[in-house]
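# A look at the structure
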Amino acid sequence: MSLAPLLQSDPAPTGGHPAAPGRRTAGRTVRALSAVTLLALVGFALAGPVLLADPAQQDLSRFLEPPTLAEPLGRDDFGRSVLARLAHATRLSLVLAALSVATALLLGTLTGLLAGWRGGWVDAVLRGISEAFVALPALLIVLLFAALAAGGSLWTLYVGLALAQWVEYFRVVRARSARVLATPAVEASRLLRLGPLHVVRRHLLPELRGTLATLASLGMVTAILAMSTLGFVKVGLQPPRTELGLMVTEAFPHYDTAPWMALAPVAVLFLLTVALLGLRRTEVTR
Amino acid sequence: MSPLVRRLSGVLAQRSGQALGVGLVVSVLCWLAVQRLPGDAAYRIAAGRYGHDLVTTSSAEAVRAELGLDRPAWQQLLAWLAAVPRLDLGESMVTSRPVVTELGHHLVGTLQLAAAALVVAALIGVPLGLLAARRPGGLLDRVTIAWVASVRALPPFLLGLLLVVLFSVHLGLLPAAGDGTPASLVLPATTLGAGLSGLVARMTRDVVVEVRASEYVGFARTKGLPDGGVTRRHVVRNAAVALVPYLGAQAILLVEGVVVVESLFAWNGLGHALVHAVFWRDVPVLQGTALVLGLVVVAINTAVDLAVVWLDPRPRNRGAAA
């Protein structure tokens, strides 16, 4: 995911509020903080699994060991390192969310372009399909897909998350591209026979890029939260795979004796969503 | 045909198309789930009918021929789809009761929870938004922004856990689970309602600020209308035109929240039933609950569309062009 379009300074506010300049610098600080947090989490997710111990290695003699210097988050009820498990869970969440968002983005953009470009019956069919998906909450679609396969399949979770999200991209791209394609600029490049690829690259993508980036960061939040929610209600990924929501559920019975076990995945989830939303905010309010 | 009737029938046609689509998507996915269930469906059904001890190859074959399980897959799919409009959703594979009666029971629980959550969201969100709108950019305005962001970043299940730990474990004030009693409704409704309240507050604030600053409100003031009259006749109705469609968009969030919050608090409703159905691979119940939840979203959006037609008599662009 490229951060560049989200981090660049925004154009002058249109509203003309008296508080605008102060809010603009505040917005920039929020975005910088979000980017740093996100980068730190991505670094943890990428380096952690390589550097830390095997998350599945049990040591029952060290049952619920409190945090120490060598093991900053202590050990869980099977004597497994909570930090190593957390790193694996974070990587799983980020990778699966990024993959499903990328798939949804590609599928939604392509179908949206097709509908906007061809119009007619292609548009009608695609819009009919999208209408049905719009009415179905993302969690419901992912749950239906979870029922399709044996418990804990990564593959169904990925397909479910991607299918739950493609509609947003489809709707945005279809609406925007229909408008852009009707402009005189596009008509001119058609008359010049510059080809469809040129129109997409020069006219459509610059128009869509900002919105798609915003939608994608929001989609990452949706995907990560949906995944952990499913893990939490025990119909998502299954143990012994480490997943953030599953870690919360597993740690909850030990809340009295080992609160750090439940707090660690909760903190990661919270920081991930805050950072991703922080990147997005100014884009939307603009 | 008058323009109003044309708009109303347009809304109804579009929404019934959507309902049809929801039914198709859910039914096809559930049919696929049935196809992928392990074992031979004929033996399973025969075991359910005659008891496990009396299942023989011949009785399984009789079931197969009777229910048409030996037909090609696409014919079975058509039969499956044809059963849905007849409300023939089959029996639960776990409790062996008809799905339709179970759904009625669960729907009541879900509607109770959703209504309570909406009340909580409105009670927190609307006053907060109105107060924040008094001074845009003021302290309260910024507090609302922070509230919206933190509520959005806390998924319902974490918010619910937090409330359980605080009110049930540490303070011992409210029950963490159970159903029926009004006290056990408080925590689930607060969890759901708090999640929605942030967005309600934000939206109320934005709309009120925008409408207050508009020219027609300025004109109404200039012409000497008292403040109460301006608010009642101009601000509220114009704000509602923007707020009501937004409530429709909330329906999806509400349904997602219901699924999570019901499982967390063991509240007897559609979401709880849905999660259990996935867990036990109880496809008939899965299909029934998913259908009802999807149709609830469509129904809410239809009501919202109709309310907008009533609130906002200006013709739409599309209607004007047609």
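The structure presented is a predicted model; accordingly, all values stated were derived computationally and were not measured.

Conventions and cut-offs
- Residues numbered from 1 in each chain as written.
- Chains lettered and ligands numbered in written order.
- Predicted model: local features only at pLDDT ≥ 70, side-chain atom pairs only at ≥ 80, totals over all residues.
- Helix = DSSP H or I, 4+ residues; strand = E, 2+ residues; numbered from the N terminus.
- Rg over C-alpha atoms; globule rule 2.2 N^0.38 Å.
- Buried ≥ 20, exposed ≤ 12 C-beta atoms within 10 Å, placed from the backbone.
- Contact = placed C-beta atoms within 7 Å.
- pLDDT = per-residue confidence, 0-100.
- Nonpolar A, V, L, I, M, F, W, Y, C, P; charged D, E, K, R; others polar.
- Expected span 1.5 Å × (residues − 1).
- Bend = angle between axes of the 7 residues up to and from the residue.
- Axes fitted to C-alpha atoms, helices over the stretch in contact; angles between N-to-C directions.
- Left-handed = near helix turned anticlockwise from the far one by under 90°.
- Core = buried A, V, L, I, M, F, W, Y, C linked by C-beta atoms within 7 Å.
- Parallel < 35°, antiparallel > 145°, perpendicular 65-115°, else oblique.

### Some points on the overall build of chain B
In terms of helices and strands, chain B carries 13 helices and 0 strands. The N-to-C order of helical and strand elements in chain B reads α-α-α-α-α-α-α-α-α-α-α-α-α. Here chain B has a C-alpha radius of gyration of 25 Å; the compact-globule value for 322 residues is 20 Å, and the former is much larger. Principal-axis analysis of the C-alpha atoms gives chain B an extent of 90 × 65 × 30 Å. Taken across its 322 residues, chain B has 36% of its residues classed as buried. Across chain B, the fraction of contacts at a sequence separation of at least 24, relative to all contacts at a separation of at least 6, is 72%.

### What to know about the overall build of chain A
Scanning chain A for helices and strands turns up 10 helices and 0 strands. Secondary structure elements in chain A, listed N-terminal to C-terminal, are α-α-α-α-α-α-α-α-α-α. When each of the 286 residues of chain A is scored for burial, the buried share is 43%.

### A few points about unusual backbone geometry
In this structure, R193(A) takes a positive phi of about 55 degrees despite not being glycine. As for its position among the elements, R193(A) is in the loop between α7 (184-191) and α8 (195-232).

### Here we look at the confidence of the model for chain A
All names here are of chain A. Chain-level statistics for chain A give a pLDDT mean of 77 and a share of 86% at 70 or above. Mean pLDDT values for the elements of chain A range from 37 in helix α1 (residues 4-7) up to 89 in helix α3 (residues 82-118). Low pLDDT, under 50, characterises residues 1-20; the predicted model gives this stretch 20 contacts beyond four residues in sequence or across chains. Considering only residues more than four positions removed or in separate chains, one finds that residues 282-286, a stretch of pLDDT under 50, has 8 contacts.

### Overview of the environment of F265(B)
Mapping F265(B) onto the fold places it in helix α10 (residues 227-265). Counting along the chain gives 17 residues from F265(B) to D282(B), while the straight-line C-alpha distance between them is 21 Å.

### Comments concerning the interface of chain A and chain B
Listed by partner, the interface residues are 30 residues for chain A and 37 residues for chain B. Listed by contribution, the elements that provide at least two residues to the side of chain A that touches chain B are α4 (120-135), α5 (138-146), α8 and α10 (259-285) of chain A. Class assignment of the residues belonging to the side of chain A that touches chain B gives a composition of 23 nonpolar, 5 polar and 2 charged.

### Remarks on the confidence of the model for chain B
Taken as a whole, chain B shows an average pLDDT of 78; of its residues, 92% reach a score of 70 or greater. Within the model, the stretch residues 317-322 of chain B combines pLDDT values under 50 with 4 contacts to residues more than four positions away or in other chains.

### What to know about α10(B)
All names here are of chain B. A rise of 1.5 Å per residue sets the reference length of α10, with its 39 residues, at 57 Å; its end C-alpha atoms lie only 45 Å apart and thus fall more than 12% short of the reference. Of all the bends found along α10, the most pronounced is centred on V241 and spans about 35 degrees, while P245, a proline, follows it within four residues. Directly after α10, the chain includes A266, whose backbone phi takes a positive value near 50 degrees.

### Here we look at helix α8 (residues 182-212) of chain B
Taken as a whole, α8(B) carries its principal kink of about 30 degrees at S197(B). Of all 31 residues in α8(B), 22 are buried, a share of seventy percent or more.

### Some remarks on the packing of helix α7 (residues 156-170) of chain B against α10(B)
All names here are of chain B. Packing of α7 against α10 leaves a shortest axis separation of 9 Å and a crossing angle of 35 degrees. The chirality of how α7 crosses α10 is right-handed. In this structure, α7 uses P156, F157 and G160 to contact α10, whose residues at the interface are G257, V260, V261, L264 and F265. Split by residue class, the contact of α7 with α10 holds 6 nonpolar, 2 polar and no charged.

### With respect to the nonpolar core
Within the largest apolar cluster, 151 residues are counted, with the highest numbers of intra-cluster contacts made by V142(A), L143(A), A117(B), L274(B) and L286(B). The dominant element in this core, judged by the number of residues it contributes, is α8(A), at 16 residues. In this structure, L274(B) is in contact with L143(A), V259(B), L286(B), T289(B) and A290(B), ignoring residues within four places of it in sequence.

### With respect to the packing of α10(B) against helix α12 (residues 283-311) of chain B
If you want to describe how two helices pack, look at the angle between their axes and the distance between the axes. Residue and element names in this part refer to chain B. Following both chains from N to C, one finds α10 and α12 inclined at 175 degrees, their axes separated by 9 Å at the closest point. Taken as axis vectors, α10 and α12 run roughly antiparallel relative to one another. Together, R237, A240, V241, V244, P245, L247, G248, A251, I252 and V255 of α10 and L293, V296, V297, I300, N301, V304, A307, V308 and L311 of α12 make up the contact between the two elements. Residue classes in the contact of α10 with α12 are distributed as 16 nonpolar, 2 polar and 1 charged.

### Focus: the environment of V208(B)
Residue and element names in this part refer to chain B. The residue V208 is located in helix α8 in this model. Taking the number of C-beta atoms within 10 Å as the measure of exposure, V208 has 24 and is therefore buried. Spatially, the C-alpha atom of V208 lies 8.4 Å from that of G129, the residues being 79 residues apart in sequence. Setting aside chain neighbours within four positions, we find V208 in contact with G129, L130, A133, V235 and A239.

### A few points about the environment of L194(A)
All names here are of chain A. Along the chain, the position of L194 falls in the loop between α7 and α8. For L194, a count of 15 C-beta atoms within 10 Å translates into the label partly exposed. Ignoring anything within four residues of it in the chain, the contact list for L194 reads S189 and V199.

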